[in-house]
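Listed below are the residues making up each chain.
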Amino acid sequence: MTARKKIVFSTGAGVSAESGITTFRDAEGLWEKHNVMDVASHEGFLRNPALVHSFYNARRRDMLATAPNDAHRAIAELEKDYDVYVITQNVDELHEMAGSSQVMHLHGKLMSARALDDDSLTWKLTPDNYETTPETIIDGHHVRPDIVFFGEAVPMFEPAVELVAQADIFVIIGTTLSVYPAAALLRYVKPGTPVYYIDPNPAQVPHGVTVIAQPATTGMRTLMDMLRK
Ligand code: APR
């Protein structure tokens, strides 16, 4: 039995757009309504933790009202034929909800809280108990969102690079490729590896990348047709 091909996805906010989760930099995007440095940066959290806690409580509430879309499901379906890994910049867990079994969150997860005094301590938040404040105490620890703020390290980047370096196929979906180091993953594919980029308004990418300028749901169907050829 030949080993199944390894297909690695790198997804951004666009893969969740058709589930109703607003992206960051599209028109009406999240960063048009909130100052990213106030609500998603290390300095902003130190300056006003209550504002940051309430921002993430609102994003958890919004996310809990959404569901995976056909793009998340198509990626999960591919596990029948490929060894599928998803590296996501998203903090929603719609890939897991759609059935993807190997998901890596580069920027953290909404439904997780982390001890303020110990980065290795995290707790899963539940749909009926997800609000946190600066006064919240879990197991004797004050907590923060388990999110990588701007200005903080991305601990999962090295493991993500190793995955991309082993990919037989690399697929980027729904990202402006404007935030590093996530945007640099593309550089780590083995020479000759087919790379696809699904995005209705694609950013500039190196020559040789197959751009599918469609929304994630239709773009995944186009990709599946291409992979079958
Ligand atoms: N299907 C696919 N892509 C879409 C769709 C859709 N239906 N709708 C919009 N897009 C694309 C946009 O064209 C854009 O390229 O999704 C991308 C969204 O880009 P951003 O809003 O910049 O989101 P992302 O690239 O994931 O941001 C990266 O920035 O704010 C930080 O940590 C945050 O993880 C986030 C990071």
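Below is a short write-up of the structure. (Residues numbered from 1 in each chain as written. Predicted model: local features only at pLDDT ≥ 70, side-chain atom pairs only at ≥ 80, totals over all residues. Heavy atoms only, no water.)

## Topic: the packing of aromatic side chains
And step 1. Counted according to the given criterion, the structure contains 6 aromatic pairs.
And step 2. A ring pair is formed by W31 and F55, whose centres lie 6.1 Å apart and whose planes are at 25°; its orientation type is stacked. Separated by 24 residues along the polypeptide, W31 in helix α1 (residues 30-33) and F55 in helix α4 (residues 49-64) bring together distant segments of the chain.
And step 3. With a centroid separation of 6.2 Å and an interplanar angle of 45°, the aromatic rings of Y56 and F149 are classed as tilted. With a gap of 93 residues between them, Y56 in helix α4 and F149 in the loop between β7 (141-147) and α7 (157-165) connect regions that are remote in the sequence.
And step 4. Among the aromatic residues, those joined into a cluster by ring pairs are F24, W31, F45, F55, Y56 and F149.
And step 5. Positioned over the ring face of F45 is R144, at 5.9 Å from the centre of the ring. (Phe/Tyr/Trp six-rings, centres within 6.5 Å; stacked < 30°, edge-to-face > 60°. Helix = DSSP H or I, 4+ residues; strand = E, 2+ residues; numbered from the N terminus. Lys NZ or Arg CZ within 6 Å of the ring centre and 35° of its normal.)

## Description of the pairing of strand β8 (residues 169-173)
And step 1. Within β8, 5 of the 5 residues are buried, leaving the element largely enclosed by the surrounding structure.
And step 2. Where burial is concerned, the two faces of β8 agree: the one with I169, V171 and I173 and the one with F170 and I172 are both buried.
And step 3. One ladder, built from 5 bridges, connects strand β1 (residues 6-11) with β8; its direction is parallel. Across the sheet, V8 pairs through a bridge with F170, a residue of β8. (Buried < 20%, exposed > 50% of the residue type's maximum accessible area, 1.4 Å probe, protein only. Pairing = 2+ DSSP bridges.)

## Focus on the side chain of H105
And step 1. With respect to the helices and strands, H105 occurs in strand β3 (residues 103-105).
And step 2. In this structure, H105 is in contact with T88, N90, V91, D92, E93, E96 and M156, ignoring residues within four places of it in sequence. (Contact = heavy atoms within 4.5 Å.)

## A few points about the pairing of β7
And step 1. For β7, a buried count of 6 out of 7 residues is recorded, marking the element as mostly surrounded by other parts of the structure.
And step 2. Sheet topology places strand β4 (residues 108-115) next to β7; 4 bridges connect them, and they run antiparallel. Each residue of the ladder has a partner; that of A115, found in β7, is V143.
And step 3. Pairing geometry for strand β6 (residues 137-138) and β7, over 2 bridges, is antiparallel. By the bridge assignment, I138 is partnered in β7 with H141.
And step 4. Hairpin connection, β6 to β7: the antiparallel pair is bridged by 2 residues, and D139 has positive phi, about 50°.

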